[in-house]
Amino acid sequence: MEPFYVTTPIYYVNSTPHIGHAYTTIAADILARNQRQRGAKAFFLTGVDEHAAKVARVAAEQGLSPQAYADQIAVVWRDLPERLNASNDFFIRTSDPEHKQFVQKFLQRLFDNGHIYQDVYSGLYCVGCEAFKTEADLVDGKCPEHDREPEWIEERNWFFRLASFEQELLQLYERDDFVLPGFRANEARSFIEGGLQDFSISRAGQTWGIPIPWDTDSVAYVWADALVNYVSALAYARPGQDLIPTFWPQVRHLLAKDILRFHCVYWPALLLGAGYEPPRQLFVHGYLLLDDRKISKSLGNVVDPLDLIDVYGVDPVRFWCARAVSFGQDGAASILGIHERYERELGNDLGNLLSRTTAMVARYRGGTLRASPSPDGSIANAIRPLASDVAASLDEFDLTGALERIWEVVRILNREVETTAPWQLAKDPLLADDLDRVLYDLVDGLRAVAVALAAYIPTTADAILAALRQPTGIEWANVAYGLTAETHAIEPATPLFPRLDAPVE
Ligand code: MSP
């Protein structure tokens, strides 16, 4: 298998994490974990973006130097992937000295290759977006994303010749999976076709940032610094080892639609200009919406992901993120929604299935499961295509579809319990073989489902395998029917998802 490299945007540290950041991190983690299950060499990067003007402002408000402020808040951000049980291979901070040096080399390459020139820039700047705005971008004179008026900035800056990359960029879009979903690729393509403007990669009026190597009175524009993280991290994540040849350009960038232009237009052009391959793929997902507005700190409707984890546990939060909204689309999120899925899908569909199955093996067979597969049975047929179907959906970033595919099998297993009624079979000694076959299918089916779910809900998958007294291996080849050998000492499992009080709105 090809190496697989997945990234999240690096998050601004001007505030603390909310569920929207958790969302992308969880999605990237699901992809990375699944790739590892399938035997790929995977690298998963996340981290923080520190050199933004808005970070310097918050630091000043708190009477701290930007670096002291960033050092403090970076601790909270580093905790986010950990609390989400994300398996990131590295956590980058753009204030890492190695990153800074890499950015300087990167910008110098652009300069040496003739893609940089100096000019005076004046325009409206939205510090929320960290981007210049045109009048056409504004609604009632305000940035619609941040509901605030942009500021007038006029300064001598270094510019990147973005416009000269128009044709090369359009060529990239001839590959129809360069940017997914397709409607996002169209958005980026029409932006390019509409005519590209060179953009400034430096700031003269601020000191918080990476000095421009040939003009140390200026610092790098935050995006010209931040985007480079996707390559720089590979150069120093493993001391003494350069991972760039292994993982670049096999990268999948995940991001939400707010930063589409930077990633789908500016970033490939910057890479080409500096002599790197453009990224393999970009996936642009929608927003999690709360009351139809984007969840964000500035709009004051933050859902603290860590609070949700405290109440529901990490796996239910991960499950809900993948399931509540079709990945790629915008979707409405609510606390009642997570509670409902916790009870109905995790508690009843999956948790009860495990409780009932283990209880029946314990009760009717003293905890011993005989190896009695039915290779032509309905459970075998349901499980056989599962591995390839789920892998195919995940290869298209369809996290929601892949999970629904697994859930179909969970529902089939539940129906199997109802239609075969093992408690009736147990009453008649002549039906002992039938009972063995049914119990085998339930255990084996749950085992295969647990392996398939391992990327989504890793702790639960382990708990299911342990309750079924199955090996802990989650290699993808185990998502197959009939791999359960005779097993002993199965006991009634403790509930995977204990009942919780309903939230008060
Ligand atoms: N620092 C830049 C990114 C630089 S990457 C080289 C940035 N940071 S951010 O903190 O604003 O994070 C934006 C990203 O957070 C989005 O692209 C998305 O991945 C995630 N989300 C933030 N709010 C979100 C929602 N409400 N819903 C889904 N994802 C959201 O932009």
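All of the points below concern the structure found in this document. (Residues numbered from 1 in each chain as written. Predicted model: local features only at pLDDT ≥ 70, side-chain atom pairs only at ≥ 80, totals over all residues. Heavy atoms only, no water.)

1. Brief notes about the nonpolar core
Next up, step 1: With 174 residues, the main nonpolar core has Phe106, Phe160, Trp248, Trp267, Leu350 and Tyr456 as its most contacted residues.
Next up, step 2: Sorting elements by how many residues they give to this core places helix H18 (residues 432-453) first, with 13 residues.
Next up, step 3: Beyond its immediate sequence surroundings of up to four residues, Trp267 is in contact with Phe106, Leu227, Val228, Tyr230, Val231, Trp248, His253, Phe262 and Pro279. (Core = buried A, V, L, I, M, F, W, Y, C linked by side-chain atoms within 4.5 Å. Buried < 20%, exposed > 50% of the residue type's maximum accessible area, 1.4 Å probe, protein only. Helix = DSSP H or I, 4+ residues; strand = E, 2+ residues; numbered from the N terminus. Contact = heavy atoms within 4.5 Å.)

2. What about the site of the ligand?
Next up, step 1: Taken together, 25 residues lie near the ligand, and Ile10, Thr24, Asp49, Ala256 and Leu288 sit nearest.
Next up, step 2: Residue Ile10 places a main-chain N or O atom 2.8 Å away from a nitrogen atom belonging to the ligand.
Next up, step 3: Contact with the protein chains removes 95% of the 670 Å² of surface that the ligand exposes when unbound.
Next up, step 4: For the shell around the ligand, the secondary-structure elements that each account for two or more residues are strand E2 (11-12), helix H1 (19-37), helix H7 (222-226) and helix H8 (229-236).
Next up, step 5: The element that contributes the greatest number of residues to the shell around the ligand is H1, accounting for four residues.
Next up, step 6: Broken down by class, the residue content of the shell around the ligand amounts to 14 nonpolar, eight polar and three charged. (Near = heavy atom within 4 Å. Polar contact = N/O pair within 3.5 Å; in protein donor to acceptor, adjacent residues only side chain to side chain. Areas by Shrake-Rupley, 256 points an atom, 1.4 Å probe, with all protein chains shown as cover. Nonpolar A, V, L, I, M, F, W, Y, C, P; charged D, E, K, R; others polar.)

3. Considering the packing of aromatic side chains
Next up, step 1: Evaluated as defined, the whole model comprises 30 aromatic pairs.
Next up, step 2: Ring geometry for Phe111 and Trp158: centres 6.0 Å apart, planes at 80°, overall edge-to-face. In this pair, Phe111 sits in helix H4 (residues 97-112) while Trp158 sits in strand E7 (residues 151-160), placing the two residues 47 residues apart along the sequence.
Next up, step 3: When the centroid spacing of 4.2 Å and the interplanar angle of 25° are considered together, the rings of Phe111 and Trp214 count as stacked. (Phe/Tyr/Trp six-rings, centres within 6.5 Å; stacked < 30°, edge-to-face > 60°.)

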